[in-house]
Amino acid sequence: MTRFIGFLVAAVLSLALAGGAWAEGTLRIGMTAADIPYTGGQTDNGFEGFRFVGYQIYEPLINWDLSRSDKLPSLVPGLAESWEVSKSDPKKWIFKLRRNVKFHDGSAFNADAVLFTFDSIKNKQAAQFDQYGSAQISWRLSALKAMKKLDDYTIELETPTVTSFVPYQIVYMVIVSPAQWNKVKDWRKFAEQPSGTGPFKVARFVPRERLELDANKGYWDPKRTPKVDKVVLLPMPEPTTRLAALRSGQVDWIEVPPPDSIAQLKGGGFQIVTNKYPHNWGHILRLDKEPWNNKAVRKAANYAIDRVGICKSLLNDTCVPGTGVVYKGHPWFGNPKETYDYDPAKAKEILKAAGFDGASKRPARAVALISTSGSGQMLPLAMNELIQKNLKDVGIDVDLHPIEWNSLTQRFRIGFTGENAGVNALNISFNFLEPFSGFGRFFHSKSVPPTSVNIMPFVSPESDKLLDEAEKTFDLAKQDAILAKLHELVVDEAPWIFVAHDLNPRAMTAKVKGFVPPQSWFVDLTQVSVAK
Amino acid sequence: MWRYVGRRLVLAIPTLLGASIIVFSMVHLAPGDPISAILPVDASKEQIDDIKKAYGFDKPLPVQYLKWLGRVVQGDLGKSIATRRAVILDVRDSLANSLVLAVSSSLLAFGGGIALGLLAAFRQGRALDKVASAMAVIGVSVPHYWAGIILIIVFSVQLNWLPAMGASSDGGLIEYLRHMTLPTIALALIPLGVIARVARSAALDILNQEFVLALRAKGLAHRRVFSHVVKNAAPQIITVLGLQFGFQLGGSVLVEAVFSWPGTGYLLNLAIFQRDMPVLQGVILVLATFFVLLNLLVDVLQTYIDPRIARH
Amino acid sequence: MSVIALPQELSIVGTAPMSYWRTVAWRLSRDRATLVAGTLLLLIALSAVLAPWIAPHDPSAGAIRLRLAAVGTPTHVLGTDEQGRDMLSRLLWGGRMTLVAGLTPVVVAFLVGTVLGVIAGYTGGLVNTLVMRTMDIFYAFPAVLLAIAISGALGPGLPNTLISLSIVFIPRVVRVAESATVQVKGLEYVAAAKASGASVWQILRHHLLANVLGPVLVFASTQVSLSIILAAGLSFLGLGVTPPAAEWGLMLNTLRQSIYVNAVVPALPGLAIFVTSMAFNLVSDGLRDAMEIRT
């Protein structure tokens with residue numbers, strides 16, 4: 001009762017004191033990012049940057065369709081109306097660009113803008129080369145070798161090899177306004193007054209504190225012109241801070257509420273929104289040394305984990321058990337032989353058959369590098385302590401070395417050498433948005449460092465063959481089938497300890513309407529409205 | 001006296017120089033590489049090296065130090081790796097917020113502390129003294145970050161009277177004050193306790209002097225005794241006030257972490273997390289400089305009030 | 001920073017320091033508040049030392065389905081934490097970590113600082129300037145800031161925390177020790193002892209150490225509570241002890257996420273820090289009153 005009265009009093013007070021600062025239809029979001037993502041185009045802060053800045057202010061030639069919850073987003077025309085492989089040369093793609101699109105600064109979008117953006121990422125000699133933005137994104141654009149303007153609304157893209165993965169990469173490159181950049185000739189200044197073609201434009205930018213976006217009422221797609229007038233983005237890396245901000249009415253929407261608070265939030269009339277999305281949380285194992293060079297130990301480890309316990313009791317149903325790289329129901333899941341249910345007895349059996357009796361004869365001690373927090377890492381300390389216990393119960397000993405998230409991403413990059421020589425497992429979360437990020441970078445022999453992050457290393461001629469074939473297959477359904485076969489191979493090889501897939505929990509007030517949670521890392525804010 | 005001031009100022013320079021060396025070495029000896037904090041996992045080695053060169057991280061440490069120092073004395077604290085903004089701007093903004101918090105919690109701590117301390121001294125041995133002294137000890141012993149959490153639980157979560165985080169740069173003055181309330185209280189607790197105890201102890205010293213006892217026995221007016229006590233206790237109290245203000249400015253990290261108050265502590269925390277070296281160096285150096293100058297001011301004030309105290 | 005006034009009796013009992021300490025002991029025995037606080041401190045220390053035997057559960061064993069049980073649950077008298085581990089056991093074991101992290105730096109600072117300070121104070125001249133100016137440089141940083149900066153540089157872990165906090169406290173102890181030494185050195189009877197041919201070592205032992213140790217000891221005891229709060233604070237920020245260790249500051253950090261589910265359990269580690277800190281403060285107050293040191 002006290003809480004209810006308190007809430008009323010606070011509501012009245014805050015209305016009285018708000019001084020009418022917000023127009024109706026303002027959506028205030030608490031992000032997990034520690035700072036405002038880079039607004040200069042090719043954004044940082046990983047996918048949260050794309051989610052709230054990159055894809056709101058800017059657009060790529062090809063978009064994700066984020067309008068549905070019931071299936072994976074498909075690729076749809078964005079700033080390009082159509083695209084196809086050239087019939088004469090499979091290493092060339094022709095993009096027909098959309099007409100009558102204006103940047104926020106009023107200048108027209110055309111092929112020049114696309115080339116300008118391409119050079120800002122790929123051409124070190126260009127005046128507009130964005131060193132920072134380029135470092136964020138160019139590794140994702142390996143298939144984009146060169147771009148040529150055929151006419152004002154047609155672009156030809158050249159790829160180094162024949163690859164069907166081009167659209168998946170094009171989707172990462174957002175287009176910036178050359179006219180606006182040429183006014184300031186500096187990326188930092190451009191970041192303060194950015195100009196893209198997206199459904200939102202920057203109204204106010206206070207570094208480290210807030211980013212205010214206004215709806216772009218002149219957006220080219222009338223179906224996606226924002227319903228809400230204003231979006232305010234606030235960095236709130238601390239989960240309790242986000243929670244407090246939501247409950248006290250400072251924000252309308254928070255990313256990743258603390259799992260423990262979900263029951264209370266539901267009871268308090270807040271909406272909890274979840275959905276599957278291409279996220280994987282697990283341990284990457286070192287395959288060339290003990291203990292994980294023994295397939296039996298890897299399989300046993302996967303049967304020893306109480307995934308349901310983790311997701312239900314620890315994370316309050318904000319994740320689902322993961323027994324592979326992708327989740328069940330994903331077109332790439334296939335039909336793996338190993339099901340990896342929670343079966344400690346089976347795990348012990350597997351170990352016994354391999355010569356480990358669980359008492360004096362145990363596998364070599366595993367040393368796992370984990371993080372203390374981090375985007376997409378969920379609750380790493382709590383989850384890993386459970387995993388450690390699960391593994392100990394079947395006879396596998398694990399030491400946990402928690403380090404800070406940024407250190408982890410750096411040490412991940414170098415692989416199991418140098419500083420990591422004593423480590424044989426790494427806990428880091430990933431996306432599998434498209435074939436390269438899901439499989440290519442891990443399971444192809446040419447992806448070993450420094451080219452990419454196959455640090456295990458996972459070397460299998462069969463896997464290489466499937467990946468190469470997938471890259472040459474332009475029919476999406478056939479490509480999915482090939483990748484599903486690859487997935488079955490990977491699951492049975494168990495190069496990782498598969499644990500869980502996050503469900504991307506968000507909490508919002510009851511006044512937020514119209515949001516459709518897609519099966520994606522990104523969101524469409526244009527259909528959202530905030531009721532009075 | 002001005003010679004004393006001059007001498008102290010000159011002495012402060014090697015101190016600050018030494019501090020700058022410490023700051024620089026601490027930050028650069030830390031494990032973890034700042035560039036990887038802001039680049040995605042898969043960025044190529046070439047790109048990492050390019051950015052390192054752009055920030056001058058490829059040069060040997062002493063060279064980097066001298067270049068940094070050279071720019072610092074011209075007022076340029078470098079560029080933040082995370083935001084690519086001038087560090088001086090970040091420091092200025094966050095310092096403003098921290099100063100606001102430090103000043104308001106100082107007012108609370110000083111006012112409350114002196115009042116509590118004097119009250120206890122003048123009522124020595126009686127119930128009021130015991131209560132006031134107890135409150136002072138509690139103030140000194142409480143971990144302020146825990147106190148902050150308790151305040152959030154009570155006033156924000158349960159009662160929903162006050163906001164739990166941030167500084168609200170848009171709601172106007174009243175919103176700002178509302179956001180400021182809980183962090184101010186949390187930050188004021190320890191200094192309040194310290195000041196109360198020092199004030200009590202200093203006042204008691206004077207009150208227990210024989211001639212004061214005699215005067216009081218003879219019936220000297222309360223007000224005269226009071227002003228005598230205040231005048232003579234002032235040096236010690238001022239020393240403590242200065243120290244505590246420095247504590248609140250530099251030591252607000254924990255409270256700012258709990259409340260996400262965008263001050264220097266919050267910036268420091270973020271910079272450590274992001275391994276943003278230029279920001280770390282800039283913030284710590286600025287705070288240290290502030291602290292040194294503050295100590296200087298306090299020493300000078302003390303000497304001014306009581307010239308006998310001039311230190312070697 | 002301020003002048004240290006030595007005990008009044010010093011000029012009278014200069015040649016017989018032993019009865020001074022006996023006087024101190026006598027005064028302490030009369031001070032009820034200090035005795036109570038001292039007993040509490042003893043209990044806390046004992047419970048920390050005896051933790052392996054008196055803790056009802058294994059502090060690292062948790063049943064995930066029992067997480068965040070409320071205070072008063074039959075098998076878990078003080079509830080359970082976010083992993084289902086027994087709070088009472090973790091508090092007992094955590095006390096060891098926190099006390100070690102809190103006391104060690106102060107003890108180290110006491111030893112190192114006294115030696116450095118006495119040398120600087122007694123020798124004077126260049127040595128004094130060198131030592132004191134170096135200490136000034138560290139003094140330029142507020143304690144919390146220095147601790148965080150050094151810990152941020154060294155990384156988390158108990159040994160690094162101890163190093164970091166020791167560095168924070170040594171300069172302070174040096175200052176107090178040097179100041180006291182300088183004053184005692186200037187007293188008449190010390191000059192007399194020098195004139196009568198007593199060796200440096202004898203002078204140090206009989207006069208300086210006894211009269212300098214007093215203020216330094218009192219000062220050090222006042223820093224313990226700060227050290228405990230700082231050590232726990234570092235763990236709270238993720239710069240101190242690492243999980244899955246039980247340590248009060250770390251527990252405060254990990255339980256902070258749960259304040260909306262169960263507000264009492266997360267408050268317990270903070271309460272423990274608070275009580276311990278207060279006990280140390282009361283004891284050091286009593287020591288100061290008994291020794292009649294005013295700093």
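Figured I'd write up the structure that's included with this text. (Residues numbered from 1 in each chain as written. Chains lettered and ligands numbered in written order. Predicted model: local features only at pLDDT ≥ 70, side-chain atom pairs only at ≥ 80, totals over all residues. Heavy atoms only, no water.)

Notes on the overall build of chain C
Here is step 1 of the chain: Regarding its fold elements, chain C presents 12 helices and 0 strands.
Here is step 2 of the chain: Listing each helix as α and each strand as β along chain C from the N terminus yields α-α-α-α-α-α-α-α-α-α-α-α.
Here is step 3 of the chain: Looking at chain C as a whole, 57% of its 295 residues are labelled buried.
Here is step 4 of the chain: Just so you have it, chain C exposes about 11600 Å², and 70% of that area is on carbon and sulfur atoms. (Helix = DSSP H or I, 4+ residues; strand = E, 2+ residues; numbered from the N terminus. Buried < 20%, exposed > 50% of the residue type's maximum accessible area, 1.4 Å probe, protein only. Areas by Shrake-Rupley, 256 points an atom, 1.4 Å probe, with all protein chains shown as cover.)

Structural notes on the overall build of chain A
Here is step 1 of the chain: Within chain A, the regular secondary structure consists of 17 helices and 21 strands.
Here is step 2 of the chain: Against the globule reference of 24 Å for 532 residues, chain A gives a C-alpha radius of gyration of 24 Å, in line with a compact fold.
Here is step 3 of the chain: Each principal axis of the C-alpha distribution contributes one length, and for chain A these read about 75 × 75 × 40 Å.
Here is step 4 of the chain: For chain A, the proportion of its 532 residues judged to be buried stands at 61%.
Here is step 5 of the chain: Contacts in chain A between residues at least 24 apart in sequence constitute 69% of all its contacts with a sequence separation of at least 6. (Rg over C-alpha atoms; globule rule 2.2 N^0.38 Å. Contact = heavy atoms within 4.5 Å.)

Focus on the sheet that holds strand β6 (residues 146-151) of chain A
All names here are of chain A.
Here is step 1 of the chain: Sheet architecture is open: 4 strands sit in the order β4-β5-β7-β6, paired in antiparallel fashion. Each having just a single partner strand, β4 (80-85) and β6 make up the two edges of the open sheet. The mean inter-strand angle of the sheet, taken between neighbouring strand axes irrespective of direction, is 20°.
Here is step 2 of the chain: Taken together, the 5 bridges between strand β5 (residues 92-97) and strand β7 (residues 154-158) define a ladder with antiparallel strand orientation. Its bridge partner lying in β7, Phe 95 is registered against Ile 155. (Pairing = 2+ DSSP bridges. Axes fitted to C-alpha atoms, helices over the stretch in contact; angles between N-to-C directions.)

Things to note about the interface of chain C and chain A
Here is step 1 of the chain: Taken together, the 17 residues of chain C in the interface contact 21 residues of chain A.
Here is step 2 of the chain: Between chain C and chain A, a total of about 1700 Å² is buried, with carbon and sulfur atoms accounting for 53% of that surface.
Here is step 3 of the chain: Inspection of the chain C/chain A interface yields 1 salt bridge.
Here is step 4 of the chain: Put simply, Arg 85 of chain C and Glu 385 of chain A hold a salt bridge, and the shortest N to O gap is 2.7 Å.
Here is step 5 of the chain: Viewed at the interface, chain A and chain C are joined by 1 residue pair in polar contact (both at pLDDT 80 or more). (Buried area = accessible area lost by both parts, 1.4 Å probe. Salt bridge = Lys/Arg side-chain N within 4 Å of Asp/Glu carboxyl O. Polar contact = N/O pair within 3.5 Å; in protein donor to acceptor, adjacent residues only side chain to side chain.)

Side note on the side chain of Asp 502 of chain A
Here is step 1 of the chain: With respect to the element layout, Asp 502 of chain A can be found in strand β18 (residues 496-502).
Here is step 2 of the chain: Buried within the structure, Asp 502 of chain A lacks any salt-bridge partner; its nearest side chain of opposite charge belongs to Arg 51 of chain A, at an N-O separation of 7.6 Å. (Lys, Arg positive; Asp, Glu negative; His and termini not counted.)

Observations regarding the interface of chain C and chain B
Here is step 1 of the chain: Taken together, the contact between chain C and chain B spans 44 residues of the former and 52 residues of the latter.
Here is step 2 of the chain: The junction of chain C with chain B conceals about 4200 Å² of combined surface from both sides, 76% of it contributed by carbon and sulfur atoms.
Here is step 3 of the chain: In this assembly, chain C and chain B are joined by 1 salt bridge.
Here is step 4 of the chain: For Asp 285 of chain C, the salt bridge identified is with Arg 197 of chain B, shortest N-O distance 2.7 Å.
Here is step 5 of the chain: Secondary-structure elements contributing two or more residues to the side of chain C that touches chain B are α6 (125-139), α7 (143-154), α8 (158-185), α10 (200-236), α11 (248-256) and α12 (267-291) of chain C.
Here is step 6 of the chain: Here the side of chain C that touches chain B gets 10 residues from one element, more than from any other, and that element is α12 of chain C.

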